Amino acid sequence: MSLLAAVVGLGDDALVLGQRLSAWCGKSPWLEEDLAMANTALDFLGRARLLYGYAEQLGGCDEDAYAFQRDARAFTNLLIYELPCADFALACARQLLVDAFDVLHLEKLCDSADANLAGIAAKAHKEARYHRRRSAAWLVRLGDGTAESHCRMQKAMEDVWGYHAELFAPVEAEIGLVEKGVLPDRAALRPQWLAAVSATLDEATLELPSADWQVDGGRRGLHTEHLAPMLAEMQHLHRSHPGARW
Amino acid sequence: MPLFEVFVRPRRGLQHQHAGSLRAEDAELALQYAREIYTRRREGVSLWVVRSSDITASQEDDAPMFFDPADGKPYRDATFYELPSKVRGL
């Protein structure tokens, strides 16, 4: 995998999750949470812009072309980021898993041999620490809440659990960049991640899901049935009015 | 959900100032929401949240005896000191 493809992959992860989170705008349980969700969405959209901006420097296209002019097959985000998670418990479960990953991954990426990636990671890592605090707090609140919220949180965690494996799956072509110290070794992050997630699940009185299934394919452009409809909504305006400006 | 009052310290060296209020289940969540709502655009370096119900407030009836006696006593005002130009935030 070239550096360009790796940067676009990380950008796609951030953009797709940002878009999913922004769908909560106006639909959160209450006003304050609505703002918090939208703020988190903006953090991820901001991260996507930094990564796409760097991709453009590396010879890629511009950020709008990345976001609005590619079809699902060309997106290389991991599957966990594209899940709709339109149930609040699902959104919380997914967020905990990816935030716990982000904190570890970005911390390592801060030491990247690539100065641009290191700079982007340094900025994103601070946000990720806050995101993790937020998602862990929600998990505990709902897991250790009422019998109903406990049940729904447990089920949500089971439903998204199989998607976490892809976070740690070494893409064959990524190995060269790992060896050069440009990208962190994802697989090596898993033990620490599992310990952190287990501790939060424990505090939330939730069971660690039994992982008897897992899926992957995102980095190769093989997506769930959920991505294309999301892109259709996200890209509609740009594609209907090419070149339009505010 | 309980109401909380939010206080933001704009910079080091200044006191916390009332910024507004919000609703949250508890103080920890209130602190997170305060961060989201009142400090996203670099407004502050420190936050306090306090349950609104924990504030004891003066009442309308108290006003005459609390505040009117201060009228017409300019000798109580520290207006005769020159403030050095470098002193800010006073």
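Everything below is about the structure shown above.
Source: prediction; values computed, not measured. (Residues numbered from 1 in each chain as written. Chains lettered and ligands numbered in written order. Predicted model: local features only at pLDDT ≥ 70, side-chain atom pairs only at ≥ 80, totals over all residues. Heavy atoms only, no water.)

Caption draft 1: View of the nonpolar core. If you look at the biggest cluster of nonpolar residues, it comprises 86 residues, and the most contacted ones within it are Tyr81, Leu117, Met153, Met157 and Trp193 of chain A together with Leu22 of chain B. The element best represented in this core is helix H5 (residues 88–109) of chain A, accounting for 14 residues. Once residues lying within four places of it in the same chain are set aside, the contact partners of Met153 of chain A are Ala89, Cys92, Ala93, Leu139, Leu142, Gly143 and Leu206 of chain A. (Core = buried A, V, L, I, M, F, W, Y, C linked by side-chain atoms within 4.5 Å. Buried < 20%, exposed > 50% of the residue type's maximum accessible area, 1.4 Å probe, protein only. Helix = DSSP H or I, 4+ residues; strand = E, 2+ residues; numbered from the N terminus. Contact = heavy atoms within 4.5 Å.)

Caption draft 2: Structural context of the environment of His164 of chain A. Residue and element names in this part refer to chain A. Within the secondary structure, His164 is located in the loop between helix H7 (147–161) and helix H8 (165–168). Residue class for His164 comes out buried when judged on its relative accessible area of 3%. When neighbours within four sequence positions are excluded, His164 is seen to be in contact with Ile80, Leu97, Arg190 and Trp193. At 3.0 Å, the side chain of His164 and the side chain of Arg190 are in polar contact. (Polar contact = N/O pair within 3.5 Å; in protein donor to acceptor, adjacent residues only side chain to side chain.)

Caption draft 3: The arrangement of helix H1 (residues 3–22) of chain A in detail. Here H1 of chain A spans 28 Å end to end across 20 residues, near enough to the 28 Å set by a 1.5 Å rise per residue. In terms of burial, H1 of chain A is a largely internal element, 17 of the 20 residues being buried. (Expected span 1.5 Å × (residues − 1).)

Caption draft 4: Structural context of the packing of aromatic side chains. A complete count under the given rule lists ten aromatic pairs over all chains for this structure. With a centroid separation of 5.5 Å and an interplanar angle of 85 degrees, the aromatic rings of Trp24 of chain A and Phe88 of chain A are classed as edge-to-face. Placement of the pair is Trp24 of chain A in the loop between H1 and helix H2 (31–57) and Phe88 of chain A in helix H5, with a sequence separation of 64 residues. With a relative accessible area of 9%, Trp24 of chain A lands in the buried category. Using a relative accessible area of 14% as the deciding quantity, one classes Phe88 of chain A as buried. Sitting over the face of the ring of Trp138 of chain A, Arg141 of chain A holds its NZ or CZ atom 5.9 Å from the ring centroid. Geometry around Tyr130 of chain A places Arg35 of chain B over its ring, the cationic atom sitting 3.7 Å from the centre. (Phe/Tyr/Trp six-rings, centres within 6.5 Å; stacked < 30°, edge-to-face > 60°. Lys NZ or Arg CZ within 6 Å of the ring centre and 35° of its normal.)

Caption draft 5: Structural context of the pairing of strand E1 (residues 3–9) of chain B. All names here are of chain B. Burial runs high along E1: five of the seven residues are buried. In this sheet, strand E3 (residues 46–51) lies alongside E1 in antiparallel orientation, the contact comprising six bridges. Counterpart to Arg9 in the pairing with E3 is Ser46. (Pairing = 2+ DSSP bridges.)

Caption draft 6: Region of interest: unusual backbone geometry. All names here are of chain A. With a phi angle near 50 degrees, Cys85 is a residue other than glycine that sits in the positive phi range. Tracing the chain through its elements places Cys85 in the loop between helix H4 (79–82) and H5. Residue Cys85 is classed as buried on the basis of its relative accessible area of 5%. Within the chain, Thr205 stands out as a residue other than glycine whose phi angle is a positive 55 degrees. In this structure, Thr205 sits in the loop between helix H10 (186–203) and helix H11 (227–240).

Caption draft 7: Representation of the interface of chain B and chain A in the model. Tallying the contact residues gives 14 residues for chain B and 14 residues for chain A. Here chain B and chain A share an interface that buries about 1,300 Å² over both sides, 49% of which is from carbon and sulfur atoms. By the criterion of area lost to chain A, the three top residues of chain B are Gln32, Tyr33 and Glu36 of chain B, representing 40% of everything that side buries. For the interface between chain B and chain A, the tally reads three salt bridges. Here Glu28 of chain B makes a salt bridge to Arg133 of chain A, at a shortest N to O gap of 3.2 Å. In this structure, the connection of chain B to chain A is made through ten residue pairs in polar contact (both at pLDDT 80 or more). If you tally residues by element for the side of chain B that touches chain A, the top one is helix H1 (residues 27–38) of chain B, at eight residues. Counted by class, the side of chain B that touches chain A contains six nonpolar, one polar and seven charged residues. (Buried area = accessible area lost by both parts, 1.4 Å probe. Salt bridge = Lys/Arg side-chain N within 4 Å of Asp/Glu carboxyl O. Nonpolar A, V, L, I, M, F, W, Y, C, P; charged D, E, K, R; others polar.)

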